[in-house]
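A closer look at the structure
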Amino acid sequence: MIPTRRTLLAALTAVGALASLTACGGGSGSSGSTGASTGTYTFWDPYPQLDASSPWGTLVTSCGSKAGVKVKRTAYDTTDLGNKALLAAQQGNAPDVMLVDNPVVSTLVEAGILTKTSDLGLDTTSVQKNIIGAGTIDGSAYGVPIGANTLALYYNKKVLSAAHVDPASIKDWNSLTAALKKVKAAGKKGITFSAIDTEEGSFQFLPWFWGAGGDLTRLNSAKGVAALSLWKQWVDAGYAPKDVLQNTQTTSWQEFATGTYAFGENGTWQLGNAGKAGFGYGIINIPAQNGGSAPVPTGGEFVTVPVQKDTARYGVSKKIVECLTRDSSLLATDTTLMYVAPTAAVQAAQAKQNPELKPWVAAVAAARGRTSGGLGTKYPTISQPMWTAVQSALSGGKSPQSALDTAQASVRKN
């Protein structure tokens, strides 16, 4: 998942609002077509920054050619793509193949838009269970992941050295907070992250929430309060800047890239930028409250096949999906997008090519899907109150307990 696309679900939670949306652009040649093994197949993805000449654009075109058809690709941002998919399905002109952000899968399944991979004959047995889990509803997978990414802590070697902090000493929340205290005493800045009031804020908060043992169905438990209290403690003590309330993951990275911060919570997608930052850096897993690595959320997209009136089209759609998700394609795509591949074989090839991915492979192996565990479409109704609670507590409007009490009350209403 590219960070600017992680403002994802708010517009998808109210399917009934579709009537107010404009008709979708890009069209579809999928309904009422003849000659399903030839012609044009429509493909939507959330990569508007990647044009037809990019490696991704070239791959999509070549997969169509190998399937004996022409692929008409249209790219939207993540939220727009989800909204247009819902509307297109209502109107009976859904695209043949669609790449969607993993938390969106459950919303589209609930709306009756996606076909099961088993019905298409797609094999997902080699995909890591926690990665496929983000697109699995009631035991059935509804897409094939092209890759995953997640969060960890980048650290600035020079800043930590000046503060006499050994990154290997950071094992839990107490040792991390102690390190931040030393960094501040040495005249440097502590940690930057995103606590913005969008899905990005929830995404960044989840490792700390889960790392305390928090349960998304009980936001205001003592464990959830402990996680929010940790962030508030850091902001109040000046270990984290107050602008985390406005920080996206991109602006948070830009702060870390100034070279004045000891730590930056961010994702796999920043590896390329890390190499250009001009200072030595390292990566450690986000620690859980009492030690060990905290569970982190998975990001990434699934290749899905929307329901079609003309079921004869599914054969070619299957070929396109198989082409996009075969090992050689995954290796090229995930290297370009800085994703961790969804299969062990391709992960090994990635790590061989780029040893810096090794900690990320380990992090993804322990990651959780945001909609996993039966949450499905309930996740958006939990995430928004959660990020609102984070905002309220860090701004000083409410205590962590009161903020999460309000959030939990909001979840109950939904």
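Now for a look at the structure at hand. On a predicted model such as this, the values are computed, not experimentally measured, just so you know.

Examining empty space enclosed by the protein
Any empty space left between the atoms is revealed when a probe the size of a water molecule rolls over them. Going through the model one piece at a time under the given rule, you end up with two cavities of 30 Å³ or more. Its volume calculated, the second largest cavity comes out at about 30 Å³. What lines the second largest cavity is Pro 46, Thr 78, Leu 81, Gly 82, Leu 99, Val 100, Asp 101 and Val 104. Mapped onto the lining of the second largest cavity, the elements with two or more residues apiece are helix H2 (78-91) and strand E3 (97-101).

Quick word on the pattern of salt bridges
Applying the stated rule across the entire model yields six salt bridges. Here Arg 73 and Asp 45 are joined by a salt bridge, their closest N and O atoms 2.5 Å apart. Separated by 28 residues along the polypeptide, Arg 73 in strand E2 (residues 70-75) and Asp 45 in strand E1 (residues 40-45) bring together distant segments of the chain. Given the relative accessible area of 23%, Arg 73 is considered partly exposed.

Concerning the sheet that holds strand E9 (residues 261-267)
In sheet architecture, strand pairing relies on hydrogen bonds along the backbone and comes in two forms, parallel and antiparallel. Strand order in the open sheet formed by four strands is E8-E9-E7-E10, and the pairing between neighbours is mixed. Every other strand in the sheet has two partners, leaving strand E8 (189-192) and strand E10 (281-284) as the edge strands with one partner each. Taken pair by pair, the neighbouring strands of this sheet meet at an average axis angle of 20°, ignoring direction. The pairing of E8 with E9 spans three bridges and is classified as parallel. By the bridge assignment for E9, Thr 192 is matched with Gly 264. Seen against the sheet, helix H10 (residues 249-256) touches strand E7 (151-156), E8 and E9 and runs at an angle of roughly 150° to E9. Sheet strands touched by helix H15 (residues 358-365): E7, E9 and E10. Its angle to E7, the strand with the most contacts, is close to 150°.

Quick look at the environment of Ser 252
Inspection of the secondary structure puts Ser 252 in helix H10. A relative accessible area of 1% places Ser 252 in the buried class. Counting along the chain gives 151 residues from Ser 252 to Ala 403, while the straight-line C-alpha distance between them is 24 Å. The residues touching Ser 252, leaving out its near neighbours within four places in the chain, are Thr 192, Phe 193, Ser 194, Asn 247, Glu 265 and Asn 266. A polar side-chain atom of Ser 252 sits 3.3 Å from the main-chain amide nitrogen of Phe 193.

What about the packing of helix H12 (residues 314-325) against helix H13 (residues 327-337)?
It is the contact of H12 with H13, at a shortest axis distance of 5 Å, that shows an interaxial angle of 60°. Viewed along their axes, H12 and H13 adopt a mutual orientation that is oblique. On the side of H12, the interface is formed by Cys 323, Leu 324 and Thr 325, while H13 contributes Asp 327, Ser 329 and Leu 330. Partitioned by chemical class, the residues of the contact of H12 with H13 number three nonpolar, two polar and one charged.

Structural notes on the state of the cysteines
Summed over all chains, the structure comprises one disulfide. Across the disulfide, Cys 63 is cross-linked to Cys 323 (sulfur-sulfur distance 2.1 Å). Disulfide Cys 63 to Cys 323: torsion about the S-S bond roughly -75°, handedness left-handed. With Cys 63 in helix H1 (residues 55-66) and Cys 323 in helix H12, this pair connects stretches of sequence that are 260 residues apart. Overall, the relative accessible area of 6% leaves Cys 323 in the buried class.

Quick word on the pairing of strand E11 (residues 301-304)
Neither face of E11 is open: one carries Glu 301 and Val 303, the other Phe 302 and Thr 304, and all of them are buried. Note that E3 and E11 share four bridges and pair antiparallel. Each bridged residue has a counterpart across the sheet, and for Val 100 the counterpart in E11 is Phe 302. Two elements, strand E6 (residues 144-145) and E11, share two bridges in a ladder whose sense is antiparallel. If you follow Pro 145 over to E11, its bridge partner there is Phe 302.

So, helix H8 (residues 199-211)
Between its first and last C-alpha, H8 extends 18 Å over 13 residues, near the 18 Å set by a 1.5 Å rise per residue. Maximum bend of H8: about 35°, positioned at Phe 205, with proline Pro 207 one to four residues after it. Burial within H8 is extensive, with 13 of its 13 residues counted as buried. Phi for Gly 213, located one or two positions after H8, is positive at around 90°.

Calculation notes
- Along each chain, residue indices are assigned from 1 in the same order as the chain's sequence is written.
- Totals for whole chains, interfaces and linings use every residue, but because this is a predicted model, local features are given only for residues with pLDDT of at least 70 and side-chain atom pairs only at 80 or more, for both listing and counting.
- Note: side-chain values were computed over all heavy atoms of the structure, leaving out hydrogens and water.
- Note on definitions: the grid is 1 Å and covers protein atoms alone; a cavity is a set of points where a 1.4 Å probe fits but cannot get out; a pocket is an open set with protein on both sides within 12 Å along at least five of seven lines; lining residues have an atom within 4 Å of a point.
- Grid points are joined across faces, edges and corners, and a volume is the space filled by probe spheres set on the points.
- The secondary structure listing takes helices from DSSP runs of H or I that are at least 4 residues long and strands from runs of E that are at least 2 residues long, numbered from the N terminus.
- We define a salt bridge as a side-chain nitrogen of Lys or Arg found within 4 Å of a carboxyl oxygen belonging to Asp or Glu.
- The buried label goes to any residue with under 20% of its type's maximum accessible area, the exposed label to any with over 50%, and the partly exposed label to all in between, with areas taken from a 1.4 Å probe on protein chains only.
- The pairing criterion for strands is at least two bridges between them, as found by DSSP.
- Angular values range over 0 to 180 degrees, each being the angle between N-to-C directions of two axes fitted as lines to C-alpha atoms, with helices fitted over their stretch in contact.
- In this analysis, two residues are considered to be in contact whenever any of their non-hydrogen atoms come within 4.5 Å of each other.
- For this analysis, a polar contact is any N or O atom pair within 3.5 Å, provided that within protein one partner can donate a hydrogen and the other can accept it, and provided that sequence-adjacent residues contribute only side-chain to side-chain pairs.
- Oblique is the label for any angle not under 35 degrees, not over 145, and not in the 65 to 115 range, which are roughly parallel, roughly antiparallel and roughly perpendicular in turn.
- Under the grouping applied here, Gly and all other residues not named as nonpolar or charged are polar, the nonpolar ones being Ala, Val, Leu, Ile, Met, Phe, Trp, Tyr, Cys and Pro and the charged ones Asp, Glu, Lys and Arg.
- When the sulfur atoms of two cysteines come within 2.5 Å, that pair is taken as a disulfide.
- Here the expected span of a helix is defined as 1.5 Å times the quantity of residues minus one.
- Throughout, the bend at a residue refers to the angle made by two axes, fitted to the seven residues ending there and to the seven starting there.

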